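# Notes for the structure review
Letter by letter, the chains look like this.
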Amino acid sequence: MLTDREHQQIAENWQQVQADVARAAEAAGRSATEITIIGVSKYVDSETTRSLIDAGCHALGESRPQSLVTKAQQLQGCDVQWHLIGTLQRNKSRRVCEVADVIHSIDSLRLLQTVQQHAADLGRQPRLLLEVNISREAAKHGFEPAELLTDWEAVMASGSLPIVGLMGMAGLEATPHEVAMQFESLRSVRDQLQQRYEIQLPELSMGMSGDFEIAIAQGATMVRIGSRLFTGLDTSSH
Ligand SMILES: *Cc1c(COP(=O)(O)O)cnc(C)c1O
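What comes next is a walk through the structure. Given the structure is predicted, the values throughout are model-derived calculations rather than measurements.

What counts, and at which threshold
Going along each chain's sequence as written, the residues are numbered from 1 onward. Whole-chain, interface and lining totals are the exception, using all residues; otherwise, since this is a predicted model, local features are given only for residues with pLDDT of at least 70 and side-chain atom pairs are given and counted only at 80 or more. Excluded from the side-chain calculation are hydrogens and water; included are all heavy atoms of the structure. Under the scheme used here, helices are H or I runs from DSSP no shorter than 4 residues and strands are E runs no shorter than 2 residues, and both carry numbers assigned from the N terminus. C-alpha atoms define the radius of gyration, and 2.2 Å times the number of residues to the power 0.38 defines the globule rule. Note on exposure labels: buried denotes an accessible area under 20% of the residue type's maximum, exposed denotes more than 50%, and partly exposed covers the range between, all computed with a 1.4 Å probe on protein chains only. For this analysis, residues touch if any pair of their heavy atoms sits within 4.5 Å. Only the protein chains shown count as cover for residues, and the accessible areas themselves come from Shrake-Rupley with a 1.4 Å probe. Positive charge is attributed to Lys and Arg, negative charge to Asp and Glu, and no charge count is given to His or to the chain ends. To locate a charge, the coordinates of NZ of Lys, CZ of Arg, CG of Asp or CD of Glu are taken. For two strands to pair, DSSP has to find at least two bridges joining them. Looking down the strands as they point away from the viewer, one classifies a crossover as right-handed if the path from the first strand across the helix to the second runs clockwise. Note on definitions: angles span 0 to 180 degrees between N-to-C directions of axes, and those axes are lines fitted to C-alpha atoms, for helices only across the stretch in contact. When describing relative orientation, an angle under 35 degrees is termed roughly parallel and one over 145 degrees roughly antiparallel, while 65 to 115 degrees is termed roughly perpendicular and anything else oblique. For a crossing to be left-handed, the near helix must be turned anticlockwise from the far one by less than a right angle; the clockwise case is right-handed. Amino acids outside the nonpolar list (Ala, Val, Leu, Ile, Met, Phe, Trp, Tyr, Cys, Pro) and the charged list (Asp, Glu, Lys, Arg) are all regarded as polar, and Gly is one of them. Any two of the Phe, Tyr and Trp rings considered here, Trp counted by its six-membered ring, make a pair once their centres fall within 6.5 Å; the pair's planes then place it as stacked at under 30 degrees, edge-to-face at over 60, or tilted in between. We call a residue near a molecule or strand when any one of its heavy atoms sits within 4 Å of it. Each polar contact in these results corresponds to two N or O atoms within 3.5 Å; when the atoms are within protein, one needs to be able to donate a hydrogen and the other to accept it, and residues that are neighboring in sequence are counted only if both atoms are side-chain atoms. A pocket, in this scheme, is an open set of points on a 1 Å grid over the protein atoms alone with protein on both sides within 12 Å along at least 5 of 7 lines, while a cavity is a set where a 1.4 Å probe fits but cannot get out; residues line either one if an atom lies within 4 Å of a point. The way we define it, a molecule is inside a pocket or cavity when more than half of its atoms are within 2 Å of that pocket's grid points. Counted as salt bridges are all cases of a side-chain nitrogen of Lys or Arg within 4 Å of a carboxyl oxygen of Asp or Glu.

A tally of regular secondary structure across the chain gives nine helices and eight strands. In summary, the chain has a C-alpha radius of gyration of 17 Å against a globular reference of 18 Å for 238 residues, a match within 12%. In terms of overall dimensions, the chain has a C-alpha envelope of 55 × 40 × 30 Å along the principal axes. For the chain, the proportion of its 238 residues judged to be buried stands at 50%. Of the contacts formed within the chain by residues at least 6 apart in sequence, a portion of 59% connects residues at least 24 apart. Surface exposure of the chain reaches about 11,100 Å², of which carbon and sulfur atoms provide 47%. Between the mean site of the 21 positive side-chain charges and the mean site of the 30 negative ones, the chain shows a separation of 4 Å.

Within strand S6 (residues 163-167), five of the five residues are buried, which leaves the element mostly enclosed by the surrounding structure. In this structure, strand S5 (residues 127-131) lies alongside S6, joined through four bridges in parallel fashion. Looking at S6, one finds that Leu128 is bridged to Ile163. In the classification by handedness, the crossover that spans S6, the intervening helix H8 (residues 176-197) and the parallel strand S7 (residues 203-205) is right-handed.

Between helix H1 (residues 4-27) and helix H2 (residues 46-55), whose axes approach to 9 Å, the crossing angle comes to 50°. By the angle class used here, H1 and H2 are oblique. Between H1 and H2 the crossing geometry is right-handed. Along the contact surface, H1 presents His7, Ile10, Ala11, Trp14 and Gln15, while H2 presents Thr48, Ser51, Leu52 and Ala55. For the contact of H1 with H2, the residue count by class is five nonpolar, four polar and no charged.

Inspection of the entire model under this criterion finds one aromatic pair. Ring geometry for Trp152 versus Tyr197: centroids 6.4 Å apart, planes at 35°, classification tilted. Of this pair, Trp152 sits in helix H7 (residues 152-157) while Tyr197 sits in helix H8, placing them 45 residues apart in sequence.

If you check the shell around the ligand, you find Val40, Lys42, Tyr43, Ser63, Ile85, Met169, Met208, Ser209, Arg224, Ile225, Gly226 and Ser227 and nothing else. Within the side chain of Lys42, one N or O atom sits 2.7 Å away from an oxygen atom of the ligand. The separation between an oxygen atom of the ligand and a polar main-chain atom of Gly226 is 2.7 Å. Comparing atom positions with the cavity grids shows the ligand to sit within the largest pocket. Within the shell around the ligand, the residues separate by chemical class into six nonpolar, four polar and two charged.

Here the focus is the pattern of salt bridges. Scanning all chains against the criterion turns up seven salt bridges. We note a salt bridge from Asp20 to Arg228, for which the minimum N-O separation is 2.4 Å. Taken as a pair, Asp20 in helix H1 and Arg228 in the segment after strand S8 (222-225) lie far apart in primary sequence, 208 residues in all. For Asp20, a relative accessible area of 9% translates into the label buried. For Arg228, a relative accessible area of 28% translates into the label partly exposed. Where Glu98 meets Arg95, a salt bridge forms, and the shortest distance between an N and an O atom there is 3.7 Å. Of the two residues, Glu98 and Arg95 both sit in helix H4 (residues 93-99), three residues apart, roughly one turn of that helix. A residue is classified by how much of its surface remains accessible, and Arg95, at 37% relative accessible area, is partly exposed. Connected through shared salt-bridge partners, Asp20, Arg23 and Arg228 make up one network.

What follows is the structure in structure tokens.
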């Protein structure tokens, strides 16, 4: 059971993150209403996650498919959009398609085709973002920018799910300047795709607790915030 103080701490963190996002938007000459804060609940259990929902966060992200499925079940009936933000193996695709509203981590054509098939079988319509390898770190997943630009016809031919944008993660070792350049490169790939193929890719999912201000300055429409929402809690005990 969470204590009253813990519930209050989560509510305060949520207010603070909203205020910080609004300030970053204003500094970038943007409106905060253009930016969705995805509360990344991967560090905490369902009870703590529910407290975040009660505080007003209605978009939740999980990085592990199994955790997404479990939380979505345990929190059934809550007013939440479920986002998968971490690596998806094709053998987990069906389970994820059953519950996810948005999948940010489509990192290959094969995975895209599998998700299209499973979603069609289930009659589900998750919105998709394609993950782009913007940090160029070997360990990072995602399409190479050049690959995406040349293979877009195959992306379009993969099925009927709405592809709403791109997702990227900055390199762990990157300086703030490098982070800004990496996020800018994601926006640039998006802009080139829109122009070349006359499509709309409105969503840019980029920015986490440590770099969301930079991401918002570069055009992020979805920021994925985890640790900042749970500071002041002993998450290890949950
Ligand atoms: C964990 C995670 C986040 C949130 O990271 P914080 O630094 O805790 O805000 C965002 N995106 C992805 C893909 C993650 O795995």
